[in-house]
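So the chains spell out like this:
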Amino acid sequence: MPRLTQTGGEKREPKDTMEGERQRDTPLLADAPLPQIRDHTDWLLEGWKQQRPDLDVSPIAVVTRLSRLQSYLQPEIAAVFEHAGLTTPSFAVIATLRRAGPPYQRSQRALMDALQLSGGTISVRIDRLEKEGIVQRTPDPCDQRGVLVQLTEKGVALFDQVAPLHLTNEDRLLSALSQEQREHLTSLLRTLLLSFEALDPEDSQHPSHWLGASLASAHVARQVRRAAGLPEVAGLLIQAVAVPGPSARAGLREGDLIIAANGRAIRSIEDLYEQLRAAGHAPVMLDILRGEQRLTSPLHPHHRRESV
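Since the structure is predicted, the reported quantities are computational estimates derived from the model, not experimental observations. (Residues numbered from 1 in each chain as written. Predicted model: local features only at pLDDT ≥ 70, side-chain atom pairs only at ≥ 80, totals over all residues. Heavy atoms only, no water.)

A. View of the layout of surface pockets. Taken as a whole, the largest pocket spans an internal volume of roughly 1,800 Å³. Leu 66, Leu 69, Gln 70, Leu 73 and Leu 189 are, among the 42 residues lining the largest pocket, the residues nearest its centre. Secondary structure elements with two or more residues in the lining of the largest pocket: helix 2 (40-51), helix 3 (60-83), helix 4 (88-99), helix 5 (108-115), helix 7 (153-173) and helix 8 (179-194). Residue contributions to the lining of the largest pocket peak at 12 residues, all from helix 3. Looking at side-chain class alone, the lining of the largest pocket contains 25 nonpolar, eight polar and nine charged residues. Put simply, the second largest pocket is a space of about 560 Å³. Lining the second largest pocket are 15 residues, with Leu 192, Ala 218, His 219, Arg 222 and Arg 267 positioned closest to its centre. Those elements giving two or more residues to the lining of the second largest pocket turn out to be helix 3, helix 8 and helix 10 (218-227). Counted by class, the lining of the second largest pocket contains eight nonpolar, four polar and three charged residues. (1 Å grid on protein atoms, 1.4 Å probe; cavity = no way out; pocket = protein on both sides within 12 Å on 5 of 7 lines; lining within 4 Å. Points joined across faces, edges and corners; volume = space filled by probe spheres on them. Helix = DSSP H or I, 4+ residues; strand = E, 2+ residues; numbered from the N terminus. Nonpolar A, V, L, I, M, F, W, Y, C, P; charged D, E, K, R; others polar.)

Below, the structure written as structure tokens:
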């Protein structure tokens, strides 16, 4: 029942007082933490954690996202090339030749290696570009059975026309990331790619030059140790040791697993490179696993701080 005043009227609480009570009873939005925004992969992870909590599904968080990103990026990139009458693979040939510098030519074999293609596949691509007057073939004077592939004037002009549009488009596709975030992502992707891609053994920065040993990446090391019945541990696996050489002098052997350097965990070539560079002229203390036995050994690499 409404409360009555002595004059018979309804007694009302001041409006601002009632609103103040409601505000005190209802928490402000700013007081409650906002939930994290979830993407498709988060829903996958949540579903698997509910259905199979015994499985470690954390790799999905990276691998599935990389795959889904590629499915979004590829059509957007291809659309720019289609406007110029090109495909993404054909532009890759043009760009590789342009990057070689004047006279913008490379052997067909070098193109095959650079683009990681089979001989048949690269021939088909070059055939199409040659018919359109974008490239031309000439005999390789250094190889009787070889062929040189060269950009024509039309090909150079086409690259100059398409490349700025392509790069602007790629920049647009990365708009969600700040420059700092792009650089951080670049570093992570480089580290991951280096664990799969073979390094040029002629490169003076190749690990074998400053270690005197060939190394297998962490994912290969885990596979090899599993096959040998050893615990899977991430690290760099020594596949061969040059004698004489720094690794041989350090007492390292084929099959040893480098797991740390100067107390820092080693999971990639970049991790080891960073510790070598930081050490300067001092030896690098390596922690290795020989089977299941843990050992420590000082390594004096060929290359010092000035060259790394």
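B. Inspection of the packing of aromatic side chains at higher detail. Tallied over the full model, the rule gives two aromatic pairs. Each ring, one from Phe 81 and one from Phe 91, has its centre 4.5 Å from the other, and the planes form 25°; the classification is stacked. Here Phe 91 lies in helix 4 and Phe 81 lies in helix 3, a separation of 10 residues in the sequence. For Phe 81, a relative accessible area of 1% translates into the label buried. Take Phe 91: its relative accessible area is 7%, and that puts it in the buried class. Note on Phe 91 and Phe 159: the rings are 5.9 Å apart at their centroids and 10° apart in plane angle, and the pair reads as stacked. Of the two residues, Phe 91 is situated in helix 4 and Phe 159 in helix 7; the sequence distance between them amounts to 68 residues. Looking at Phe 159, the relative accessible area reads 17%, which means it is buried. Taken together, Phe 81, Phe 91 and Phe 159 form an aromatic cluster joined through their ring pairs. (Phe/Tyr/Trp six-rings, centres within 6.5 Å; stacked < 30°, edge-to-face > 60°. Buried < 20%, exposed > 50% of the residue type's maximum accessible area, 1.4 Å probe, protein only.)

C. Geometry of the sheet that holds strand 3 (residues 147-151). Here we have three strands laid out as an open sheet, ordered 1-3-2, and antiparallel in their pairing. Pairing within the sheet leaves two strands with one partner each, and these edge strands are strand 1 (105-107) and strand 2 (135-139). Neighbour-to-neighbour, the strand axes of the sheet open up by a mean angle of 25°, direction not taken into account. Of the strand pairs in this sheet, strand 1 and strand 3 are connected by three bridges, and their pairing is antiparallel. Residue pairing for strand 3: Ser 107 is matched across the bridge by Leu 148. (Pairing = 2+ DSSP bridges. Axes fitted to C-alpha atoms, helices over the stretch in contact; angles between N-to-C directions.)

D. Examining the pairing of strand 6 (residues 257-261) more closely. Counting buried residues along strand 6, five of its five residues qualify, which places the element largely inside the surrounding structure. In terms of strand pairing, strand 6 meets strand 8 (residues 284-290) through four bridges, oriented antiparallel. Within strand 8, the position partnered with Ala 261 by the bridge is Leu 286.

E. Seen up close, a nonpolar patch on the surface. A contiguous nonpolar surface patch, about 610 Å² in accessible area, is contributed by Val 62, Val 63, Leu 66, Leu 185, Leu 189, Leu 192 and Phe 196. Sorting the residues of the nonpolar patch by element identifies helix 3 and helix 8 as the ones contributing at least two each. (Patch = residues over 30% accessible without salt bridge, like charges linked within 9 Å, V, L, I, M, F, W, Y side chains within 5 Å. Areas by Shrake-Rupley, 256 points an atom, 1.4 Å probe, with all protein chains shown as cover. Salt bridge = Lys/Arg side-chain N within 4 Å of Asp/Glu carboxyl O.)

F. Structural view of the packing of helix 4 against helix 6 (residues 119-131). With their axes 10 Å apart at the nearest point, helix 4 and helix 6 run at an angle of 85° to one another. Judged by the inter-axis angle, helix 4 sits roughly perpendicular to helix 6. Between helix 4 and helix 6, the residues in contact are Pro 89, Ser 90, Val 93 and Ile 94 and Ile 122, Arg 125 and Leu 129, respectively. In terms of residue class, the contact of helix 4 with helix 6 is made up of five nonpolar, one polar and one charged. (Parallel < 35°, antiparallel > 145°, perpendicular 65-115°, else oblique. Contact = heavy atoms within 4.5 Å.)

G. Representation of unusual backbone geometry. Going from Pro 102 to Pro 103, the amide bond is cis rather than trans, its omega being 5°. Relative to the elements of secondary structure, Pro 103 occurs in the loop between helix 4 and strand 1. Geometrically, the link from Val 243 to Pro 244 is a cis peptide bond, its omega value of 0° lying close to zero. Along the chain, the position of Pro 244 falls in the loop between strand 5 (236-241) and helix 11 (246-249). Its identity as a non-glycine residue notwithstanding, Tyr 104 has a phi of 60°, on the positive side. As for its position among the elements, Tyr 104 is in the loop between helix 4 and strand 1. Here Tyr 104 falls in the buried class, since its relative accessible area comes to 18%.

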